[in-house]
Amino acid sequence: MNPTYDVIVIGGGMAGCAAAVASAREGAVTLLIERCGYPGGWGTAALVNPFMTHRASDGKALVGGLYDTLREQVAALGGMLENSFDAECMKFAWQEMALASGAKLRLHTTFESAEALEDGRIRTHTRSKSGPEAFDCLRLIDASGDGDAAVALGAKYRMGDEKGLPQAVTLMFDMGGVDLARAIAYVRDHPDQMLFPKLPLDADPEALADGIISVAGYYDLVAEARKKGEYAAPGDLIFYIGRPRKGNVVFNTTHVGGIDGTSAEDLTRAEIESRRQAMSVAGFVRRYVPGFEAAYLVQTAPHVGVRETRRITGDYVFSARDVVEARKFEDAICRLAYPVDVHSGEGEGYTREQPGYAGPQVPPPGDWYEIPYRCLLPAGLENVLVAGRCVSSTQAGHGAIRIMPACIAMGEAAGTAAALSLRQKTTPRLLDRVLLKQVLRERGGLV
């Protein structure tokens, strides 16, 4: 007889952890299955950082609930500065939050397949050092990022742009020993070489070095190094972000295109090529960039960061029009103001803004858009929800809602809905949306 849970969550990333915590705190017996030895998803396994903004352009907070709780827990561990976080603190915070909620963690376990049983239960098949196993549940939440479980159960999906190309992948890497004040002084004194920030001449590098700064640019230095054969990454610039520990930065610069993140062959190629790019960028900054003379490579991410694979077709397909028109929904489970952010699937990397560039696709100033609950409901499937970057959207819509604060909010909504549907003796699709929003608000959600 297979173990039976009320709710099983596939994938322990930002969305999956939030789903498991939310489900368990509402009284559902919950199992979280994660292939890595730690939770956090791309925030830990791919070193993705920082949290993209959870605020409207006027500073109004748009995401709360478990997102706020997580930030508080990471901060209490000394791993949070502004929106930048320490990956090790993130692992521990999610682990303890999940266990405190009552959810059971099953790490080092890979999802293999799923099937719907005649009595309405769902059986998941996994593989680990314990061998092949099966676990049954009444509700399944797919937070795998790739929609693995939903597709195994027959969900329809789309991938990529009109040519089928998903967004490029990126291998993040950390460097330490950076003289941030010296680096910021150069940024201030060479605004023509920077995409951002454009610092005033009276900016104090020492003061700025005590906070978190994001830097993208160094056009001429990159061009010079490439001409000499000393720069092997695509694009016209490098992009790095400060870490909570002073002197440490994380690079978001490498790009590899033409990668299907559901293909082991493609992922192998991506890891090899992106690591070559990372080593080239690390060498470049030490030789060319002021402030990096004594810097050293701390680590490359354990896993290349995959921005997009399968987008499960749900009861509503979120699009760029929802972003720019600041659309609101009766069944909203998340508010956001992040722009449409799509990295070319060709892998060209970051480039200077081109003439005629009209600016990012964003909601009107001070406004926001909402993600409807229906995006979490795979069309044609019952008792299954999706959360995170595999939710129902176009590629452009996905480019706006794939960020970590949104994934946490979607996961919290999915876990809450799964548990509530059991309590109300209904299905997730027929769940009272007013009740769902009420519970999310009681838990600190801003919906």
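Everything below is about the structure shown above.
As a starting point, this report considers the structure included with it. (Residues numbered from 1 in each chain as written. Predicted model: local features only at pLDDT ≥ 70, side-chain atom pairs only at ≥ 80, totals over all residues. Heavy atoms only, no water.)

## What about the overall build of the protein?
And step 1. A tally of helices and strands in the protein yields 12 helices and 19 strands.
And step 2. Over its C-alpha trace the protein gives a radius of gyration of 22 Å, about what one expects of a compact globule, namely 22 Å for 447 residues.
And step 3. Once the C-alpha set of the protein is aligned to its principal axes, its extents read approximately 65 × 45 × 45 Å.
And step 4. Buried positions account for 60% of the 447 residues belonging to the protein.
And step 5. Summed over its atoms, the accessible surface of the protein is roughly 17,700 Å², and 50% of this surface lies on carbon and sulfur atoms.
And step 6. Looking at charge distribution, the protein has the averaged site of its 48 positive side-chain charges lying 2 Å from that of its 55 negative ones. (Helix = DSSP H or I, 4+ residues; strand = E, 2+ residues; numbered from the N terminus. Rg over C-alpha atoms; globule rule 2.2 N^0.38 Å. Buried < 20%, exposed > 50% of the residue type's maximum accessible area, 1.4 Å probe, protein only. Areas by Shrake-Rupley, 256 points an atom, 1.4 Å probe, with all protein chains shown as cover. Lys, Arg positive; Asp, Glu negative; His and termini not counted. Charge placed at Lys NZ, Arg CZ, Asp CG, Glu CD.)

## As for the packing of helix H2 (residues 66–76) against helix H11 (residues 404–423)
And step 1. Orientation of H2 relative to H11, taken along the N-to-C sense of each, is 120°, at an axis distance of 9 Å. In terms of their interaxial angle, H2 and H11 are classed as oblique. The residues of H11 that touch H2, namely those facing Leu66, Tyr67 and Leu70, are Pro405, Ile408 and Glu412.
And step 2. The residue inventory of the contact of H2 with H11, partitioned by class, reads five nonpolar, no polar and one charged. (Axes fitted to C-alpha atoms, helices over the stretch in contact; angles between N-to-C directions. Parallel < 35°, antiparallel > 145°, perpendicular 65-115°, else oblique. Contact = heavy atoms within 4.5 Å. Nonpolar A, V, L, I, M, F, W, Y, C, P; charged D, E, K, R; others polar.)

## As for the pairing of strand S17 (residues 332–336)
And step 1. For S17, the buried fraction is high: five of the five residues fall into the buried class.
And step 2. As paired elements, S17 and strand S18 (residues 369–372) share four bridges and run antiparallel to each other. Following the sheet pairing, Ala332 is matched in S18 by Pro372. (Pairing = 2+ DSSP bridges.)

## Re the packing of aromatic side chains
And step 1. Applying the stated criterion across every chain, the model contains 14 aromatic pairs.
And step 2. An angle of 5° between the planes, with centres 4.9 Å apart, marks the rings of Phe173 and Phe251 as stacked. You can see Phe173 sitting in strand S10 (residues 173–176) and its partner Phe251 sitting in strand S14 (residues 249–251), a full 78 residues away along the chain. Here the two residues Phe173 and Phe251 agree in accessibility, since each one is buried.
And step 3. Consider the rings of Tyr218 and Tyr240, whose centres lie 6.3 Å apart with planes at 25°: the pair is stacked. Of this pair, Tyr218 sits in the loop between strand S12 (214–217) and helix H7 (219–227) while Tyr240 sits in strand S13 (residues 238–242), placing them 22 residues apart in sequence.
And step 4. Since its relative accessible area comes to 0%, Tyr218 is described here as buried.
And step 5. By relative accessible area, which is 1% here, Tyr240 ends up buried.
And step 6. Taken together through their ring pairs, the aromatic side chains of Phe173, Tyr186, Tyr218, Tyr240, Phe251 and Phe292 make up a single cluster.
And step 7. Cation over ring: Lys91 sits above Tyr38, and NZ or CZ is 4.1 Å from the ring centre.
And step 8. When the ring centre of Trp368 is taken as reference, the NZ or CZ atom of Lys328 above it lies at 5.3 Å. (Phe/Tyr/Trp six-rings, centres within 6.5 Å; stacked < 30°, edge-to-face > 60°. Lys NZ or Arg CZ within 6 Å of the ring centre and 35° of its normal.)

## Overview of helix H12 (residues 433–442)
Each α-helix turn comprises 3.6 residues. Residues three or four places apart therefore point the same way.
And step 1. Taken together, the buried positions of H12 are occupied by Leu436, Lys437, Val439 and Leu440. The buried residues of H12 occupy an angular sector of 160° when the element is viewed end-on, so they sit on one face. More than 90 degrees from the buried face of H12, the exposed residues found are Val434 and Glu442.
And step 2. Among the residues of H12, the N-terminal cap falls to Asp432, whose side-chain oxygen and the backbone nitrogen of Val434 are separated by 2.9 Å.
And step 3. Once H12 finishes, Gly444 follows within two positions and takes phi at roughly 100°, a positive value. (Arc of directions from axis to C-beta. Polar contact = N/O pair within 3.5 Å; in protein donor to acceptor, adjacent residues only side chain to side chain.)

## Observations concerning unusual backbone geometry
And step 1. The linkage connecting Asn49 with the following residue, Pro50, adopts the cis geometry, with an omega of 0°.
And step 2. Of note, Pro50 is situated in the loop between strand S2 (30–33) and H2.
And step 3. Looking along the chain, the bond that leaves Phe196 and enters Pro197 is cis, with omega of -5°.
And step 4. With a phi close to 55°, Glu82 is a non-glycine residue in the positive phi region.
And step 5. Structurally, Glu82 is set in the loop between strand S3 (80–81) and strand S4 (84–85).
And step 6. In this structure Glu82 comes out as partly exposed when scored by relative accessible area, which is 48%.
And step 7. The phi dihedral of Ala326 is positive, around 50°, even though this residue is not glycine.
And step 8. Along the chain, Ala326 turns up in the loop between helix H9 (320–324) and S17.

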